[in-house]
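Next come the chains, spelled out residue by residue.
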Amino acid sequence: MSTYSKNTVAVNGKSIVLHVISAPAKNITLVTINSKVPDQNNYYGINGSFYILPPDNGDLLSISVVNDYPLKPSLSYGGRYNVGKNSISMDKGTIVYDGADDIVTHQIVDDYNDIAVVKRRNYWAQGGVSMSLNNNANWKAIMQAQELPAQDYETTRTALAYTNGATPYVYGIVTTTNCLPGDFRSAIKAAYSYDEAIFLDSGPSSQMRAKDSSGNLVTITGGNTPKEMVVFY
């Protein structure tokens, strides 16, 4: 069952509030949605992929695949994913759960067909932009190369992280504090010891639906309507 926690971390004189939902990796899946994350009465979780805003076709711009089936096959991008400037497919950070080996990895790929897993019908993969938690010297250059939106201004943000142990866990992190990506990353590193993480969609798309230890509903509602959700059972 998913769990929720809240943490406030001081970074560069700013108090950054981190909302975290977690569950074993085997209890995570990805689903398409047609309304805001807090409106998903059957699910707990966070917003997932970057996407095209309505009234356009709503294509997902980053990998979102379960058992080798893309959640929303691209209409405009010819089946390419992790799209960069000028609709160019590019390698970006992707968190992959391999159900056969019960392990989570961070892979840098541009197409779900290139994801390395034991069985193609037993995995899920969520693409974003690498946070490079263990590479302080180069994380910013990697982020820039993978073209994270909203690099240069403060906004609310979302991330997906994992730990591999006796039981691999996945963590969805949303900050309701407007901050730069570096401050968000620093707060996560100061508060937690994750193996790796990726940036997901930010700003008005940063949303969460969770339940705290007292059974109270926790909702973070942004202004956009995400097309895809990372679900924590």
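All chains use their own residue numbering, which begins from 1 and follows the written sequence. Thresholds applied to this predicted model are a pLDDT of at least 70 for local features of residues and 80 or more for the giving and counting of side-chain atom pairs; totals over whole chains, interfaces and linings are not thresholded and use all residues. Note that the side-chain values use all heavy atoms of the structure and ignore hydrogens as well as water.

### Structural notes on the overall build of the chain
Moving on, step 1. For the chain, the count of helices and strands is two helices and 16 strands.
Moving on, step 2. Our radius of gyration looks at C-alpha atoms and nothing else; its globule reference is 2.2 Å times the residue count to the power 0.38. The C-alpha radius of gyration computed for the chain amounts to 16 Å, which stays within 12% of the reference 17 Å derived for 233 residues, consistent with globular compactness.
Moving on, step 3. Once the C-alpha set of the chain is aligned to its principal axes, its extents read approximately 45 × 35 × 35 Å.
Moving on, step 4. Think of it in three bands: with a 1.4 Å probe and only protein chains considered, a residue is buried below 20% of the maximum accessible area for its type, exposed above 50%, and partly exposed in between. When the 233 residues of the chain are sorted by exposure, 57% land in the buried category.
Moving on, step 5. In this analysis, two residues are considered to be in contact whenever any of their non-hydrogen atoms come within 4.5 Å of each other. Put simply, 66% of the contacts in the chain that link residues at least 6 apart link residues at least 24 apart.
Moving on, step 6. Here the chain displays about 9,800 Å² of accessible surface, and carbon together with sulfur accounts for 45% of that area. A helix here means a DSSP run of H or I that spans at least four residues, while a strand means a run of E at least two residues long, and both kinds are numbered starting from the N terminus. Surface exposure here means Shrake-Rupley accessible area, sampled with a 1.4 Å probe, where a residue is shielded only by the protein chains that are shown.

### Some details on the pattern of salt bridges
Moving on, step 1. Whenever Lys or Arg places a side-chain nitrogen within 4 Å of a carboxyl oxygen from Asp or Glu, that contact is recorded as a salt bridge. Counted by the stated rule, this structure contains three salt bridges.
Moving on, step 2. Among the salt bridges present, the one from glutamate 154 reaches lysine 14, with a minimum N-O distance of 3.7 Å. Of this pair, glutamate 154 sits in the loop between helix H1 (139-145) and strand E11 (155-163) while lysine 14 sits in strand E2 (residues 14-24), placing them 140 residues apart in sequence.
Moving on, step 3. Taking the relative accessible area as the measure of exposure, glutamate 154 reaches 43% and is therefore partly exposed.
Moving on, step 4. One salt bridge in this structure joins aspartate 68 and arginine 121, with 3.6 Å as the shortest N-O distance.

### Points about the layout of surface pockets
Moving on, step 1. Think of a 1 Å grid over just the protein atoms. A cavity is a set of points where a 1.4 Å probe fits yet cannot get out, a pocket is an open set with protein on both sides within 12 Å along at least five of seven lines, and lining residues have an atom within 4 Å of a point. Grid points are joined across faces, edges and corners, and a volume is the space filled by probe spheres set on the points. Roughly 210 Å³ of volume is contained in the largest pocket.
Moving on, step 2. Together, 13 residues line the largest pocket, and Val83, Lys92, Glu147, Leu148 and Pro149 are the ones closest to its centre.
Moving on, step 3. When residues are grouped by polarity, Ala, Val, Leu, Ile, Met, Phe, Trp, Tyr, Cys and Pro land in nonpolar, Asp, Glu, Lys and Arg in charged, and all others, Gly among them, in polar. Taken together, the residues of the lining of the largest pocket sort by class into five nonpolar, five polar and three charged.

### Comments concerning unusual backbone geometry
Moving on, step 1. The backbone of asparagine 82 sits at a positive phi, close to 50 degrees, despite the residue not being glycine.
Moving on, step 2. Relative to the helices and strands, asparagine 82 resides in the loop between strand E6 (69-70) and strand E7 (92-98).
Moving on, step 3. Here the phi dihedral of serine 87 falls at roughly 60 degrees; this positive angle occurs in a residue that is not glycine.
Moving on, step 4. Take serine 87: it is sitting in the loop between E6 and E7.
Moving on, step 5. Classification of serine 87 by relative accessible area gives partly exposed; the value is 28%.

### As for the environment of cysteine 179
Moving on, step 1. Topologically, cysteine 179 is positioned in strand E12 (residues 169-179).
Moving on, step 2. Considered as a pair, cysteine 179 and asparagine 42 are 137 residues apart in the sequence and their alpha carbons are 31 Å apart.

### What to know about the packing of aromatic side chains
Moving on, step 1. The pairing test for Phe, Tyr and Trp rings, Trp by its six-membered ring, is centres within 6.5 Å, and the orientation test on the planes gives stacked under 30 degrees, edge-to-face over 60, and tilted for anything in between. Counted by the stated rule, this structure contains six aromatic pairs.
Moving on, step 2. Considering the side-chain rings of tyrosine 81 and tyrosine 112, the 5.9 Å spacing of their centres and the 80 degrees angle between planes classify their relative orientation as edge-to-face. Of this pair, tyrosine 81 sits in the loop between E6 and E7 while tyrosine 112 sits in the loop between strand E8 (103-109) and strand E9 (123-127), placing them 31 residues apart in sequence.
Moving on, step 3. With relative accessibility at 15%, the residue tyrosine 112 sits in the buried group.
Moving on, step 4. Measuring from ring centre to ring centre gives 6.4 Å for phenylalanine 184 and phenylalanine 199, while their planes differ by 45 degrees; the resulting arrangement is tilted. Highlighted residues: phenylalanine 184 in helix H2 (residues 181-191) and phenylalanine 199 in strand E13 (residues 196-199), separated in sequence by 15 residues.
Moving on, step 5. Its relative accessible area of 0% is what places phenylalanine 184 among the buried residues.
Moving on, step 6. Among the aromatic residues, those joined into a ring-pair cluster are Tyr169, Tyr171, Tyr192 and Tyr194.

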